[in-house]
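# Close look at the chain arrangement
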Amino acid sequence: MPLRPVEISRRYYSLTTLRSIVAAWDERKRFRWELEQMSKDNPHLIDDIGLTRRQVEAEIAKPFWRR
């Protein structure tokens, strides 16, 4: 039984949404990893971007799915 255009549209929307969510998770994971590396290798740069050590530690501790 062929899919109707509405069903195809819903399926595409769902896949697009899923891809967007996964991309956001990947970006958060990458950002937090880079922030952790910066705090280890060049801690003076943390001050330059206007964050405290406590803020950096809190951000790094978050799971990838949390904003």
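The text that follows walks through the structure, step by step, so that each part is easy to find.

## Points about a nonpolar patch on the surface
A grouping of L15, L18, I21, V22, W25, F64 and W65 is seen on the molecular surface, where their side chains present a nonpolar patch of about 650 Å² in accessible area. Among the secondary structure elements, W65 is positioned in the segment after helix 3 (53–61).

## Some words on the packing of aromatic side chains
By the definition in use, this model includes 2 aromatic pairs. Centroid distance W25 to F64: 5.2 Å. Interplanar angle 75°. Geometry classified as edge-to-face. In this pair, W25 is assigned in helix 1 (residues 5–41) and F64 in the segment after helix 3, connecting sequence segments 39 residues apart. Relative accessible area serves as the criterion here: at 33%, W25 is assigned to the partly exposed category. Residue class for F64 comes out partly exposed when judged on its relative accessible area of 35%. Taken together, a centroid distance of 5.1 Å and an interplanar angle of 85° make the contact between F64 and W65 edge-to-face.

## A few points about the pattern of salt bridges
Evaluation of the coordinates by the stated rule reveals 7 salt bridges. Of the charged contacts in the structure, one is a salt bridge between K29 and D26, with a shortest N-O distance of 3.8 Å. Of this pair, K29 and D26 both sit in helix 1, 3 residues apart, which is roughly one turn of that helix. D26 sits in the partly exposed class, given a relative accessible area of 31%. Note that R30 is salt-bridged to D26, the shortest N-O span being 2.6 Å. Within this pair, R30 and its partner D26 are both found in helix 1, separated by 4 residues, close to a single helical turn.

## A few points about the side chain of E59
Structurally, E59 can be placed in helix 3. A polar contact is formed between the side chain of E59 and the side chain of K62, at a distance of 3.2 Å. Ignoring any residue separated from it by four or fewer positions in sequence, one finds E59 in contact with F31, R32 and L35.

Calculation criteria
- Here the residue numbers are simple positions, counted from 1 along each chain's written sequence.
- Two thresholds apply to this predicted model, a pLDDT of at least 70 for residue-level local features and 80 or more for giving and counting side-chain atom pairs, whereas whole-chain, interface and lining totals are computed over all residues.
- Only hydrogens and water are set aside when side-chain values are computed; all heavy atoms of the structure are taken into account.
- Patches in this entry comprise residues that are over 30% relatively accessible and not in a salt bridge; like charges within 9 Å are linked, as are nonpolar side chains (Val, Leu, Ile, Met, Phe, Trp, Tyr) within 5 Å.
- Reported accessibility uses the Shrake-Rupley method at a 1.4 Å probe radius. Residues are deemed covered only where the shown protein chains occlude them.
- Put simply, a salt bridge is a Lys or Arg side-chain nitrogen that is within 4 Å of an Asp or Glu carboxyl oxygen.
- Helical segments are the DSSP runs of H or I of at least four residues, strand segments are the runs of E of at least two, and each set is numbered from the N terminus.
- Any pair of Phe, Tyr and Trp rings, taking the six-membered ring for Trp, is counted once the centres come within 6.5 Å. Such a pair is stacked with planes under 30 degrees apart, edge-to-face with planes over 60 apart, and tilted for the rest.
- Accessible area is worked out with a 1.4 Å probe on protein chains only. A residue is then buried under 20% of its type maximum, exposed over 50%, and partly exposed in between.
- Two N or O atoms count as a polar contact when they lie within 3.5 Å, although within protein this holds only if one can serve as hydrogen donor and the other as acceptor, and sequence-adjacent residues are included solely when both atoms are side-chain atoms.
- Here a residue-residue contact requires only that any non-hydrogen atoms of the pair lie within 4.5 Å.

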